[in-house]
Each structure stands twice: as C-alpha cells, then as structure tokens.
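Architecture and fold: a report
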Amino acid sequence: MPALEAIVGAELHVQVVRQGDVAASQVPATVTVPLEVSGIDRVLVRRSCLITADMVTASVNDVVAVRELAVASGIDDLHIPIGTGLISRGVSQRRRMLRAGLMSWPDGRPCAMRAYVMVLEDRPVCYIREAFNPDVVPPDHSPLPGDDLPPR
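Scope of this entry: the structure provided in the associated data block. (Residues numbered from 1 in each chain as written. Predicted model: local features only at pLDDT ≥ 70, side-chain atom pairs only at ≥ 80, totals over all residues. Heavy atoms only, no water.)

1. A closer look at the overall build of the protein
Rule in force here: Only DSSP runs of H or I with at least four residues qualify as helices, and only runs of E with at least two residues qualify as strands; both kinds are numbered from the N terminus onward. The reference for a compact globule is 2.2 Å times residues^0.38; the radius of gyration itself is calculated from the C-alpha atoms. Buried means the residue's accessible area, taken with a 1.4 Å probe over protein chains only, is under 20% of the maximum for its type, while exposed means over 50%, and partly exposed covers the values in between. Contacts were defined at the residue level, with two residues in contact if any of their heavy atoms lie within 4.5 Å. As used throughout, the charge tally considers Lys and Arg to be positive and Asp and Glu to be negative, leaving His and the chain termini uncounted. In this description, the location of a charge corresponds to atom NZ of lysine, CZ of arginine, CG of aspartate or CD of glutamate.
The number of helices and strands found in the protein is four helices and six strands. Walking the protein from its N terminus toward its C terminus, one meets helices and strands in the order α-β-α-β-β-α-α-β-β-β. In terms of overall dimensions, the protein is globule-like: its C-alpha atoms have a radius of gyration of 16 Å, near the 15 Å expected for 152 residues. With the C-alpha coordinates of the protein rotated into their principal frame, the extents come out at 45 × 45 × 35 Å. For the protein, buried positions account for 39% of its 152 residues. In the protein, once contacts between residues fewer than 6 apart in sequence are set aside, the share between residues at least 24 apart is 56%. Looking at the protein, you have 15 positive and 18 negative side-chain charges, and the mean spots of the two groups are 5 Å apart.

Written out as structure tokens, the structure reads:
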C-alpha cells in the first residue's frame, strides 16, 4: 500500500489536470539537473491530484519526467497513480528526497510538501513535488512513530 493511502486510510485515484510534452529548456534547473536532462531533451510535464472515492483531494502533484523513460515505464498513464502503476508492474523504484517542508495549499493555508526524484534502475526518471491537503496530512505531520529510536 502506498504511504499516502496508509495515512489517508483509503484508496486514492489520480485526477490528471493537464499533461504535456515540452523541451527541458522550459523547465527550471532545480528540476532538470537532478533529472540529468538539458536543452532539447523532451520531458513530460503533469499536474495531478490524488483523490479519495469521496472526491477529497489528498495531494496536488507536479511531475516532470524524462519523456522516453516515462513512456517505457508507464509513468505517462493518465488513469493510475504513478507509484501504484509501478508497483503493479513490478518495477523497482527508489526515491531520492530533494526537500521537504511547507508551502501554500491552493486556498493559502500552509501545507506539508516534499519533492523527490524517482529512480528506476539507477536512472533518474521523474521529479515529483507533492503538496498535501492540510485537512488530510497536517503540516506538522511526522512520518516517524513515537517509539522510533531516540536521537543520539
């Protein structure tokens, strides 16, 4: 079960707001450098939401993926959340965290966020920035259980 589904306690569905193909030169270096793309390389740019069956938005996601790798791995699928799709196809993945903190939810409230690069077979494939609905994941949410190892 994906982590956000475990937090929400419900299955999540993807709602793609827009998805298109652009030159990497149209994307900020904070995204292209970790993806190891430049200039004329083509990238898939997507804005999506993960929602519950009750239409509660759990997260708003901005995704930039290396075009040919996104197509080959199924990341470009408009109907299945990226992580769920990779898991169902048995594709091994790693996530390299770039940053985590706070940003503004569309209504202006502070919300938790994280940005990372998803790596498949030692190749960075997509950059994902997730903003979490503060009604679902409080901005001060900690993924560590209270009985975790104490700091040294």
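Once you've had a look at it, read on.
2. Examining the pattern of salt bridges
How we decide: One speaks of a salt bridge when a side-chain nitrogen belonging to Lys or Arg is within 4 Å of a carboxyl oxygen belonging to Asp or Glu.
Under the criterion given, the structure shown has eight salt bridges. Arg 67 is the salt-bridge partner of Asp 21, the closest N and O atoms lying 2.8 Å from each other. Residue Asp 21 is located in strand β1 (residues 13–23), and its partner Arg 67 is located in helix α3 (residues 67–73); the two are separated by 46 residues in the primary sequence. Overall, Arg 67 belongs to the partly exposed group, its relative accessible area being 25%. Between Asp 62 and Arg 129 there is a salt bridge whose closest N-O contact spans 2.7 Å. Here Asp 62 is found in strand β3 (residues 57–66), whereas its partner Arg 129 is found in strand β6 (residues 123–132), with 67 residues between them in sequence. Given a relative accessible area of 19%, Asp 62 falls into the buried group. Judged by relative accessible area, which is 26%, Arg 129 ranks as partly exposed. Through salt bridges with shared partners, a single ionic network connects Asp 21, Arg 42 and Arg 67.

3. Brief notes about the environment of Ala 10
Along the chain, Ala 10 falls in the loop between α1 (3–8) and β1. On a C-alpha basis, the gap between Ala 10 and Val 60 in space is 16 Å, while along the polypeptide they are 50 residues apart. Dropping the residues within four chain positions of it, Ala 10 is found in contact with Glu 5 and Thr 52.

4. Description of unusual backbone geometry
Negative phi values dominate among residues other than glycine, just as trans dominates among peptide bonds. Here Glu 36, not a glycine, exhibits a phi torsion of approximately 60°, which is positive. Looking at the element boundaries, Glu 36 is found in the loop between α2 (29–35) and β2 (42–51). Glu 36 gets classed as exposed once you look at its relative accessible area, which sits at 54%. At Glu 121, a residue that is not glycine, the phi angle is positive and equals roughly 50°. Here Glu 121 is to be found in the loop between β5 (110–120) and β6.

5. A look at the side chain of Ser 73
Note the threshold: Between N or O atoms, a polar contact is any pair within 3.5 Å; within protein, one atom must be a potential hydrogen donor and the other a potential acceptor, and residues adjacent in sequence are included only when both atoms are from side chains.
Structurally, Ser 73 is set in helix α3. Take Ser 73: its relative accessible area is 12%, and that puts it in the buried class. At 2.8 Å, the side chain of Ser 73 forms a polar contact with the backbone oxygen of Leu 69. Every residue in contact with Ser 73, bar those within four places of it in the chain, is listed here: Leu 86, Arg 89, Leu 120 and Val 125.

The quantities given are spatial measurements derived from coordinates; they are silent on function.
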